[in-house]
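# Survey of secondary and tertiary structure
Listed here are the chains, written in short residue letters.
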Amino acid sequence: MPESVPTCLSGTVVHGAGRGRGLGFPTANISPDPGSDVPPPAVYSGWLARPATGGVHRATISIGTNPTFEDGPLIHTEVYCHDTSDDLYGERVELRFVARIRDTVRFASVDELLLAARADVLRSEALLDSAHGRRARPVFT
Ligand SMILES: Cc1cc2nc3c(=O)[nH]c(=O)nc-3n(C[C@H](O)[C@H](O)[C@H](O)COP(=O)(O)O)c2cc1C
């Protein structure tokens, strides 16, 4: 990760537009803690840690305005967990960023977005399995 990108972000899971589940990509929408340094809009690979349960999950993170859906100017921080479909609503979570995967794109169709998101998750899996990805994994003691 470039040094200017923070590697850690804490926040609370809030309700999003509710589209993700229907698309096959349910995401946890994170409201970052006030004053947090949110990384620039892009798609990232990372870990999602749940202090409440001690769980650590493999994740692909989208930060951006969801331009494909013209959601408006607000920046959304959305996390797709590869290995749990638990409803995290209301929980505090911590994100550890491992690598930037690509720019956010305004796709011409939802199908194109889904194709790209599937490829992002495959790339993210490989990045999390890399030595750098494993080192970034949070450990609860
Ligand atoms: C892996 C991944 C990649 C994404 N990439 C983009 C993108 O390039 N452009 C975009 O408009 N939205 C992108 N999104 C965000 C989706 O538009 C968003 O998750 C979806 O609209 C559901 O939003 P909701 O959870 O608020 O309902 C991405 C989401 C994921 C999980």
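Since the structure is predicted, the reported quantities are computational estimates derived from the model, not experimental observations.

The full count for this structure, using the stated rule, is 10 salt bridges. With a closest N to O distance of 2.8 Å, D71 and R19 form a salt bridge. Linking D71 in the loop between β4 (55-64) and β5 (76-81) with R19 in the loop between β1 (8-14) and α1 (20-23), this pair joins segments that are 52 residues apart in sequence. What makes D71 partly exposed here is its relative accessible area of 29%. The residue R58 makes a salt bridge to D129 at a minimum N-O spacing of 2.9 Å. In this pair, R58 sits in strand β4 while D129 sits in helix α2 (residues 110-129), placing the two residues 71 residues apart along the sequence.

Of all hydrophobic cores here, the largest spans 16 residues; its most connected members are I30, L48, I61, V79, L95 and F97. For this core, the secondary-structure elements that each account for two or more residues are β1, β2 (28-32), β3 (42-50), β4, β5 and β6 (92-102). In this structure, W47, V56, L127 and A136 belong to the second largest nonpolar core, which totals 8 residues.

With that settled, consider the pairing of β3. Buried residues dominate β3, accounting for 9 of its 9 residues. Two successive antiparallel strands, β3 and β4, enclose a turn made up of 4 residues, where G54 displays a positive phi of approximately 80°.

This part covers the environment of V139. Residue position: V139 is located in the segment after α3 (131-135). Its relative accessible area of 66% is what places V139 among the exposed residues. Through-space distance from the C-alpha of V139 to that of F25 is 26 Å; in sequence the pair is 114 residues apart.

In this section: α2. Taking 1.5 Å per residue, 20 residues should reach 28 Å; α2 reaches 29 Å between its end C-alpha atoms and fits that length. Within the sequence span of α2, burial applies to L113, L114, A116, A117, D120, V121, S124, L127 and L128. Seen end-on, α2 carries its buried residues on one side only, within an arc spanning 160°. Facing away from the buried side of α2, by more than 90 degrees, are the exposed residues D111, L115 and L122. Lining the buried residues of α2 we find α1, β3, β4, β5, β6 and α3.

Let us now look at the site of the ligand. By nearness alone, 23 residues border the ligand, and R19, T27, T68, E78 and V105 come closest of all. One nitrogen or oxygen atom from the side chain of S62 is found 3.4 Å from a nitrogen atom belonging to the ligand. Protein coverage of the free-state accessible area of the ligand, which is 630 Å², stands at 98%. Counting residues per element, the shell around the ligand draws most heavily on α2, which supplies 3 residues. For the shell around the ligand, the per-class residue count stands at 9 nonpolar, 10 polar and 4 charged.

A separate point is the environment of D111. With respect to the helices and strands, D111 occurs in helix α2. Overall, the relative accessible area of 58% leaves D111 in the exposed class. For the pair D111 and H82, spaced 29 residues apart in the sequence, the C-alpha separation amounts to 20 Å.

Once that is clear, we can look at the sheet that holds β4. Reading around the circumference, β1-β2-β5-β4-β3-β6 is the order of the 6 strands in this closed barrel, with antiparallel pairing throughout. Neighbour-to-neighbour, the strand axes of the sheet open up by a mean angle of 45°, direction not taken into account. Here 6 bridges tie β4 to β5, and the two strands are oriented antiparallel to one another. By the bridge assignment for β5, I63 is matched with T77. Sheet strands in contact with α2 are β3, β4, β5 and β6, and its direction is about 100° off that of β6.

The rules behind these values
Residues numbered from 1 in each chain as written. Predicted model: local features only at pLDDT ≥ 70, side-chain atom pairs only at ≥ 80, totals over all residues. Heavy atoms only, no water. Salt bridge = Lys/Arg side-chain N within 4 Å of Asp/Glu carboxyl O. Helix = DSSP H or I, 4+ residues; strand = E, 2+ residues; numbered from the N terminus. Buried < 20%, exposed > 50% of the residue type's maximum accessible area, 1.4 Å probe, protein only. Core = buried A, V, L, I, M, F, W, Y, C linked by side-chain atoms within 4.5 Å. Pairing = 2+ DSSP bridges. Expected span 1.5 Å × (residues − 1). Arc of directions from axis to C-beta. Contact = heavy atoms within 4.5 Å. Near = heavy atom within 4 Å. Polar contact = N/O pair within 3.5 Å; in protein donor to acceptor, adjacent residues only side chain to side chain. Areas by Shrake-Rupley, 256 points an atom, 1.4 Å probe, with all protein chains shown as cover. Nonpolar A, V, L, I, M, F, W, Y, C, P; charged D, E, K, R; others polar. Axes fitted to C-alpha atoms, helices over the stretch in contact; angles between N-to-C directions.

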